[in-house]
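Tertiary structure, described
Each chain is listed here by its residues.
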Amino acid sequence: MSDEKLQKVLARSGYGSRREMERWIDQGRFSINGDKAKLGDRVTRRDVIQLDGRKIELVSEVDCPRRVLIYNKPVGEVSTRHDPEGRPTVYDHLPPLKNSRWIAIGRLDINTSGLLIFTSDGELANKMMHPSANIDREYAVRVLGNIDDEMIARLKEGVLLEDGMAKFTDVQFFDGDGANKWYHCVVMEGRNREVRRLWESQGIKVSRLKRVRYGTIFMPSDVKIGTWKELDIKDVKVLAKKLELGDKKPLKMKPAEKAGFERRYKNQRVRQEVGRKRPS
């Protein structure tokens, strides 16, 4: 591992996104060779890094293949790795990784379902979440209320929320009759409950909300609620190229590790079938 910024190495090693690691560094949670770490510090393989007083292992770039996972989040799961209230989290059903951890690219609140992307590569996660990337997110939303062209125009022009101006870059009617209708709407930011708050600012109740697209990645129809699917190497390379990331070595799993990964992928479908057949 060459001389690199601490937050970059931590993100690549799977401890969280780069922005999250920067916050942890500011909070004084890391030390380098016994000294408190600070933003801008650089580390090499020879340095001893501690998190909350415990030594941690860092992953060099050559040992960290770039992997991307698509997960169809159900309502009722939280997007944190551990929940103090004991609620189920989006990490509960993900396959384990060797030498790294899955990093969530953005979050969805407990009442929002749909597309959630995970990666083993902190650089890719940082690129996809950074505002400068201008990556849009598309949601399918079921709303209750009277919606007219003037309201749509206001939502696209911009509405002042408690944390600043917000807007949809696009709003399209999708389906529905009567009071309950489905719309597809697009936002450029990942602010907390932004889609819900925009509709609620117009007196409209949101009864269902599902993310269906993040940038160029759509929710595949074969990824059922509560299940995951890994992007193949070709698709990951295309995504990395669009984000102007360098090449990484292709994923090479040992036969036993690959078999275990494929077994978990198949077993999640079996669990779903069993759950559907089980009497209520």
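Residues numbered from 1 in each chain as written. Predicted model: local features only at pLDDT ≥ 70, side-chain atom pairs only at ≥ 80, totals over all residues. Heavy atoms only, no water.

**Comments concerning the pattern of salt bridges**
Oppositely charged side chains can form a pair if their charged atoms are brought close together. For the coordinates displayed, the defined rule picks out 18 salt bridges. Taking the shortest distance from any N to any O, the salt bridge between R42 and D3 comes out at 3.4 Å. Note that R42 is positioned in strand β4 (residues 42–43) and D3 in the segment before β1 (4–5), a separation of 39 residues in sequence. Since its relative accessible area comes to 44%, D3 is described here as partly exposed. When the shortest N-O distance is used, the salt bridge between D163 and R191 registers 2.8 Å. (Salt bridge = Lys/Arg side-chain N within 4 Å of Asp/Glu carboxyl O. Helix = DSSP H or I, 4+ residues; strand = E, 2+ residues; numbered from the N terminus. Buried < 20%, exposed > 50% of the residue type's maximum accessible area, 1.4 Å probe, protein only.)

**Some thoughts on the layout of surface pockets**
Roughly 1000 Å³ of internal volume is contained in the largest pocket. Listed by contribution, the elements that provide at least two residues to the lining of the largest pocket are α2 (18–26), β8 (103–105), α3 (122–129), β10 (137–144), α5 (194–200) and β15 (205–214). For the lining of the largest pocket, the leading source of residues is α2, giving four residues. Taken together, the residues that form the lining of the largest pocket break down as 16 nonpolar, 10 polar and 14 charged. (1 Å grid on protein atoms, 1.4 Å probe; cavity = no way out; pocket = protein on both sides within 12 Å on 5 of 7 lines; lining within 4 Å. Points joined across faces, edges and corners; volume = space filled by probe spheres on them. Nonpolar A, V, L, I, M, F, W, Y, C, P; charged D, E, K, R; others polar.)

**Thoughts on the sheet that holds strand β3 (residues 35–36)**
Across the sheet, four strands lie side by side as β3-β2-β5-β6; this open sheet has antiparallel pairing. Each end of this open sheet is capped by a strand with a single partner; those strands are β3 and β6 (54–55). One ladder, built from two bridges, connects strand β5 (residues 49–51) with β6; its direction is antiparallel. For Q50, the partnering residue across the bridge sits in β6 and is K55. (Pairing = 2+ DSSP bridges.)

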